[in-house]
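Residue-level structural notes
One-letter residues, chain by chain:
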Amino acid sequence: MSSALILGALFFLCCMVLFLGVREQSGAVDVQTERRSSYLADMKKLIGHVSYQRLMLGFLFASLAFQMALGNFTLFCIHVAGLGAQFQYLILAILVSATVSVPMWQMILLRLGKKSTLFIGLPLFIPVMIVLASVSENFPVYMIMCILVGTSVATLFLLPWSMLPDVVDEFMVANPCCRAMEPLFFSCYCFCNKLGGGLSAGISTMTLHLTGYKTGACSHSGGVVLALRLLLAPIPIILLLVGLVFFYLYPINEMQRQQIQQDQEQTRVKSQMLPNKDDVRIQQRTSKRNSFQSKSRTISSSSLRVKNSASQLRCFPSTSVQKHCIASTSPPSHNASLDCTSEPPFYKPKWRSQSKLAVSQISTHQSSLKSNETITWV
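Computed from a predicted structure; not experimentally measured.

Digging into the overall build of the protein chain
Each helix and strand in the protein chain was counted, giving 16 helices and zero strands. In the protein chain, which comprises 378 residues, the proportion classed as buried is 30%. Within the protein chain, contacts between residues separated by at least 24 positions form 81% of all contacts whose residues are at least 6 apart in sequence. With an accessible surface of roughly 24200 Å², the protein chain has 64% of that area assigned to carbon and sulfur atoms.

Focus: the packing of helix α10 (residues 222-232) against helix α11 (residues 234-248)
Between α10 and α11, the least distance of the axes is 3 Å, while the angle of their chain directions is 25°. Relative to α11, the element α10 lies roughly parallel. When α10 is examined against α11, the residues Arg229, Leu230, Leu231 and Leu232 are found in contact with a partner set consisting of Pro234, Ile235 and Pro236. Each residue belonging to the contact of α10 with α11 can be placed in one class, and the counts come to six nonpolar, no polar and one charged.

Re unusual backbone geometry
Comment: phi is negative for the bulk of residues other than glycine, and the bulk of peptide bonds are trans. If you check the backbone angles, Glu137 has positive phi at about 55° while not being a glycine. By the secondary structure assignment, Glu137 is in the loop between α7 (125-134) and α8 (139-174).

Notes on the packing of aromatic side chains
In the structure shown here, the tally under the stated rule is nine aromatic pairs. Taking 4.6 Å as the distance between ring centres and 10° as the angle between the ring planes, the aromatic pair formed by Phe59 and Tyr189 counts as stacked. Note that Phe59 is positioned in helix α3 (residues 50-71) and Tyr189 in helix α9 (residues 182-211), a separation of 130 residues in sequence. By relative accessible area, Tyr189 is classed as buried at 0%. Three or more aromatic residues joined by ring pairs make a cluster, and in this case those are Tyr52, Phe171 and Phe185. One residue, Lys115, lies across the ring of Tyr248, its end atom 5.8 Å from the ring centre.

Observations regarding the UniProt feature "transmembrane region" (unreviewed entry) in the protein chain
Here the UniProt-annotated "transmembrane region" (unreviewed entry) positions come out as residues 52-77, 89-110, 116-135, 142-163 and 230-250. As a span, residues 89-110 carries 100% helix and 0% strand, and end to end its C-alpha atoms are 32 Å apart. Note that residues 142-163 is 100% helix and 0% strand, and that its end C-alpha atoms are spaced 32 Å apart.

Thoughts on the nonpolar core
The nonpolar side chains of a soluble globular protein tend to be buried with one another. Counting 72 residues, the largest nonpolar core has Tyr52, Phe73, Met129, Leu132, Phe185 and Leu240 as the members making the most contacts within it. Ranked by residue count, the leading element in this core is α8, at 15 residues. The contacts of Phe73, once residues within four sequence positions are left out, are Phe87, Leu90, Ile91, Leu132, Tyr142, Cys146 and Leu232.

Parameters and conventions
- Residues numbered from 1 in each chain as written.
- Predicted model: local features only at pLDDT ≥ 70, side-chain atom pairs only at ≥ 80, totals over all residues.
- Heavy atoms only, no water.
- Helix = DSSP H or I, 4+ residues; strand = E, 2+ residues; numbered from the N terminus.
- Buried < 20%, exposed > 50% of the residue type's maximum accessible area, 1.4 Å probe, protein only.
- Contact = heavy atoms within 4.5 Å.
- Areas by Shrake-Rupley, 256 points an atom, 1.4 Å probe, with all protein chains shown as cover.
- Axes fitted to C-alpha atoms, helices over the stretch in contact; angles between N-to-C directions.
- Parallel < 35°, antiparallel > 145°, perpendicular 65-115°, else oblique.
- Nonpolar A, V, L, I, M, F, W, Y, C, P; charged D, E, K, R; others polar.
- Phe/Tyr/Trp six-rings, centres within 6.5 Å; stacked < 30°, edge-to-face > 60°.
- Lys NZ or Arg CZ within 6 Å of the ring centre and 35° of its normal.
- UniProt positions renumbered as here; feature names shortened; annotations may be inferred.
- Core = buried A, V, L, I, M, F, W, Y, C linked by side-chain atoms within 4.5 Å.

Structure below.
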């Protein structure tokens, strides 16, 4: 119970460190060239990439070999080597050696390159397994061999994972339109690791069942002992050799990796001139808002202009009527002209009047205005 709580707390702590400590940075993007494709189309391009095919198959066979050998190591130590009481010390030696060997392989990687370092560390597993399958009831020899096994395990879990980003960079350089495909690369790669573990467990269980292995039995037949020896050394060695062939066909070496980095740098320099994704979204929102505001201002100004023109037409007569007013209010009286200019009469526009005065009625009305010295508009 306590061990489960400790493991759960460590798992939760690692998840929180990953969630709070890693920030995804949105890089520059070309809005015109970016496009979204379907999942099946992306998977087809991913599986069709030669570098990724060979790296993934090499990692699959190498992982299958290591997990098959280490998965049957417990039964081998108990029923074949006679070291069941010291088994925990052997496992502890493997884990400590693998942890300590990671910085050593990192330094070798920087000097020799990834592919060369991989071919130094993984083949070390082959003679160690041969010695373990040949020797029995010799704890010092097993301890030394377990230290070497841990060193080779560190190579498996460091080098192939460090080669995957190079494949991703090569794919991005070859397919600039395909973006945000890193999750597919890493998920398929992790699936190969889990697939290797499942296949190793299935093959081992089926082989032991066919040879007559019985759980809890103190002694087993020669067929079970032979099966355990085969599952510890010969079959994993063959699988590892197949994986090494795929790693040998892996096309990215140090020169190509440097060329890919140069291409990536050129692409990065060009992308600095492109807008950021967040900036593009903000700019699009701002442009929409500005266009809406400009349209609303145009509509309001046009409506205000129409209102002003309508009010002017209501309050002031037209030019021809003003001329007629001045001509009709000329002397004999000065007050009459003042009344005409100071108090502009109400003018009814043409388009609102439904009838027109006849010319004779207008002349009669003008004569009455001259007699009364006042202006009245009808």
